[in-house]
Amino acid sequence: MKTSDLYKIPPGSTIGIMGGGQLGRMIAVAASQLGYKAVIYCESREEPAVQVCLDSIIADYEDQGYLEKFISMVDVVTFEFENIPAKAAEYLSSRILVRPSPEILFISQNRIYEKEFLNKNGIETAAWAELSKRNHPSEAIKKLGQNGVFKTARFGYDGKGQITFYGKADLDKAWGAVDHKLAIVEELIDFKCEISVLVARSCTGQTCCFDVVENQHKNHVLDITIAPAAIDKGTAERAVKIAEKVANSLSLVGLIAVEMFVLQGGRILVNEIAPRPHNSGHWTIDACHTNQFEQMVRAVCGLPLGKTQRHSNAVMRNLIGDDVENWKQIISEPENKLHLYGKKDIRSGRKMGHVTRLVPLTSQWNRKSISAATFFIG
Ligand SMILES: Nc1ncnc2c1ncn2[C@@H]1O[C@H](COP(=O)(O)OP(=O)(O)O)[C@@H](O)[C@H]1O
Ligand SMILES: [Mg+2]
């Protein structure tokens, strides 16, 4: 326990955020509420976080000159997405405090390292196999069966680089389409539901989870998060234990999301981990005592963690692509909490914002009734 790290980065300091997306934007807003400043490092002035920050550096992630300039402007560095080049993360951590540590970033950047790390620590995942020059589809299929999910080892998000395959011909095609780059195949899981747990871990090793939530995906992209998940107490407790084990095994200082599958009968498999705020935690902005972004800032800056208690039940729906064109109807419903990310161009599949609906803890609620109609989305 390093209590000397407590209050190391006090309010008034500047947090450097690698990445300029909506997560960076919401981290910067939370930081400002605690009296911190934020500087963004990203590749385009059009990115959402740039609009809300003290300053920004628009440059290639590996440009050492700009990385130096960034270091001179900030007191601690964090990241809002995993795909920061390893070289940049290593360079930064040789010069300044980086939280979470680059080693955690590297594990989460590559599905092979990620699953090896989880399995090594006794955390169950879907059965998986590597596809590589040594291990061809025919070998993988021998181990896992004819049907499964193909995933590129790196740079996958929102279902990108992912294909459900039915037979070897499909799998050959999927691997060919990415030029036989390193990939994995996983058994196709027939889950009862998908859940996630967000856990923060402070510099003193204190951990604190948010309530377990249920996530519903459309085309492999998160559509709806419901808080809390409709699972029994025992399953929820096991999910929280798994998330804490992940955070402790990584010696994390920061926040991590652990995505899981719940099978019939209650068995839990971890799907993936993301060492940063997560889309399935956006509901915490409106429904919790401390939200995921503030909690991350607290952990990264060495402040004690805040209480994560849920004061309302919540349903969060993503506004993807054209959905955002319904913003007038959404905001005209006074109970809807609308969050827009300031992205200029609407593109299919692009996360443009989200909307959260709160439900008092005491009211009887029918989860299914909070549907497309409430959010004016088809
Ligand atoms: N092995 C699997 N079996 C069934 N569904 C899966 C499997 N892997 C992924 N999925 C579905 O695809 C979604 C996205 O996959 P994930 O591995 O989380 O990648 P991403 O990095 O794109 O979020 C999951 O949340 C789940 O709905
Ligand atoms: Mg995922």
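This is a predicted model, so every value here is computed, not measured. (Residues numbered from 1 in each chain as written. Chains lettered and ligands numbered in written order. Predicted model: local features only at pLDDT ≥ 70, side-chain atom pairs only at ≥ 80, totals over all residues. Heavy atoms only, no water.)

### A look at the overall build of the protein
Here is step 1: For the protein, the helix and strand inventory stands at 12 helices and 17 strands.
Here is step 2: The C-alpha radius of gyration computed for the protein amounts to 20 Å, which stays within 12% of the reference 21 Å derived for 378 residues, consistent with globular compactness.
Here is step 3: With the principal axes as the frame, the protein shows a C-alpha extent of 55 × 50 × 45 Å.
Here is step 4: Within the protein, contacts between residues at least 6 apart in sequence are counted, and of these 62% link residues at least 24 apart.
Here is step 5: Counting only carbon and sulfur atoms, one obtains 49% of the accessible surface of the protein, whose full area is about 16,600 Å².
Here is step 6: Looking at charge distribution, the protein has the averaged site of its 45 positive side-chain charges lying 2 Å from that of its 43 negative ones. (Helix = DSSP H or I, 4+ residues; strand = E, 2+ residues; numbered from the N terminus. Rg over C-alpha atoms; globule rule 2.2 N^0.38 Å. Contact = heavy atoms within 4.5 Å. Areas by Shrake-Rupley, 256 points an atom, 1.4 Å probe, with all protein chains shown as cover. Lys, Arg positive; Asp, Glu negative; His and termini not counted. Charge placed at Lys NZ, Arg CZ, Asp CG, Glu CD.)

### Notes on the environment of Gln364
Here is step 1: You can see Gln364 is positioned in the loop between strand S17 (351-360) and helix H12 (372-375).
Here is step 2: Residue classification places Gln364 among the exposed residues on the basis of a relative accessible area of 78%.
Here is step 3: Sequence separation between Gln364 and Glu116 is 248 residues, and the spatial gap between their C-alpha atoms is 43 Å. (Buried < 20%, exposed > 50% of the residue type's maximum accessible area, 1.4 Å probe, protein only.)

### Here's the deal with the pattern of salt bridges
Here is step 1: This model, assessed by the stated rule, comprises 17 salt bridges.
Here is step 2: Between Glu186 and Lys115 there is a salt bridge, with its nearest N and O atoms 3.0 Å apart. Within this pair, whereas Glu186 is found in strand S8 (residues 183-187), its partner Lys115 is found in helix H5 (residues 111-120), the two being separated by 71 residues in sequence.
Here is step 3: Where salt bridges share partners, they join Asp5, Lys8 and Arg99 into one cluster. (Salt bridge = Lys/Arg side-chain N within 4 Å of Asp/Glu carboxyl O.)

### Re the sheet that holds strand S4 (residues 76-79)
Two pairing modes exist for strands in a sheet, parallel and antiparallel, and in both the strands are linked by backbone hydrogen bonds.
Here is step 1: Across the sheet, 4 strands lie side by side as S3-S2-S1-S4; this open sheet has parallel pairing. The open sheet has two edge strands, strand S3 (55-58) and S4, and neither has a second partner. On average, each strand axis in the sheet is inclined to that of its neighbour by 20 degrees, with strand direction left out of account.
Here is step 2: Across the sheet, helix H1 (residues 22-33) is in contact with strand S1 (14-18) and strand S2 (37-42); its angle to S1 comes to roughly 175 degrees.
Here is step 3: With respect to the sheet, helix H10 (residues 292-301) is in contact with S1 and S4, its orientation differing from that of S4 by roughly 140 degrees. (Pairing = 2+ DSSP bridges. Axes fitted to C-alpha atoms, helices over the stretch in contact; angles between N-to-C directions.)

### Let's talk about the domain arrangement of the protein
Here is step 1: Taken domain by domain, the protein holds domain 1 (3-109), domain 2 (127-187) and domain 3 (193-375).
Here is step 2: A straight line from the C-alpha centre of domain 1 to that of domain 2 covers 33 Å. (Domains from an automatic or database assignment.)

### So, the pairing of strand S15 (residues 312-320)
Here is step 1: When you tally the buried positions in S15, you get 8 out of 9 residues, the bulk of the element.
Here is step 2: Of the strand pairs in this sheet, strand S12 (residues 221-227) and S15 are connected by 4 bridges, and their pairing is antiparallel. Looking at the pairing, Thr225 lines up with Met316 of S15.
Here is step 3: Where S15 and S17 come together, 9 bridges link them in antiparallel fashion. Bridge assignment links Leu319 to a residue of S17, and that residue is Gly353.

### Quick look at the packing of aromatic side chains
Here is step 1: The tally for this structure, following the rule as stated, stands at 4 aromatic pairs.
Here is step 2: With a centroid separation of 5.8 Å and an interplanar angle of 25 degrees, the aromatic rings of Tyr41 and Tyr61 are classed as stacked. One end of the pair, Tyr41, is in strand S2; the other, Tyr61, is in the loop between S3 and helix H2 (64-73), and 20 residues separate them in sequence. For the residue pair Tyr41 and Tyr61, the accessibility class agrees, reading buried in each case.
Here is step 3: Residue class for Tyr41 comes out buried when judged on its relative accessible area of 0%. (Phe/Tyr/Trp six-rings, centres within 6.5 Å; stacked < 30°, edge-to-face > 60°.)

### Some remarks on the environment of Lys160
Here is step 1: With respect to the helices and strands, the residue Lys160 is situated in the loop between strand S6 (147-152) and strand S7 (162-166).
Here is step 2: Taking the C-alpha atoms as reference points, Lys160 and His220, 60 residues apart in sequence, are found 8.4 Å from one another.

### Points about the coordination of the magnesium ion (ligand 2)
Here is step 1: Ligation of the magnesium ion (ligand 2) by protein atoms is provided by Glu259 (OE), Glu259 (OE) and Glu272 (OE), these donors lying 2.1 to 2.7 Å from the ion. Remark: Glu272 occurs in strand S14 (residues 268-274) and Glu259 occurs in strand S13 (residues 254-262); sequence separation between them is 13 residues.
Here is step 2: Here Glu259 falls in the buried class, since its relative accessible area comes to 13%.
Here is step 3: Taking the relative accessible area as the measure of exposure, Glu272 reaches 22% and is therefore partly exposed. (Donors = N, O, S within 2.8 Å, 3.2 Å for Na, K, Ca; no water.)

### Some remarks on the layout of surface pockets
Here is step 1: Here the second largest pocket defines a volume of roughly 260 Å³.
Here is step 2: Around the second largest pocket sit 21 residues that line it, and Asp5, Arg99, Ser101, Ser251 and Val253 are the ones nearest its centre. (1 Å grid on protein atoms, 1.4 Å probe; cavity = no way out; pocket = protein on both sides within 12 Å on 5 of 7 lines; lining within 4 Å. Points joined across faces, edges and corners; volume = space filled by probe spheres on them.)

### Topic: empty space enclosed by the protein
Here is step 1: On inspection of all chains with the given rule, the structure shows 1 cavity of 30 Å³ or more.
Here is step 2: In terms of lining residues, the largest cavity is bounded by Ser196, Val197, Leu198, Phe210, Asp211, Val213, Ser280 and Trp283.
Here is step 3: If you tally residues by element for the lining of the largest cavity, the top one is strand S9 (residues 193-201), at 3 residues.
Here is step 4: Looking at side-chain class alone, the lining of the largest cavity contains 5 nonpolar, 2 polar and 1 charged residues. (Nonpolar A, V, L, I, M, F, W, Y, C, P; charged D, E, K, R; others polar.)

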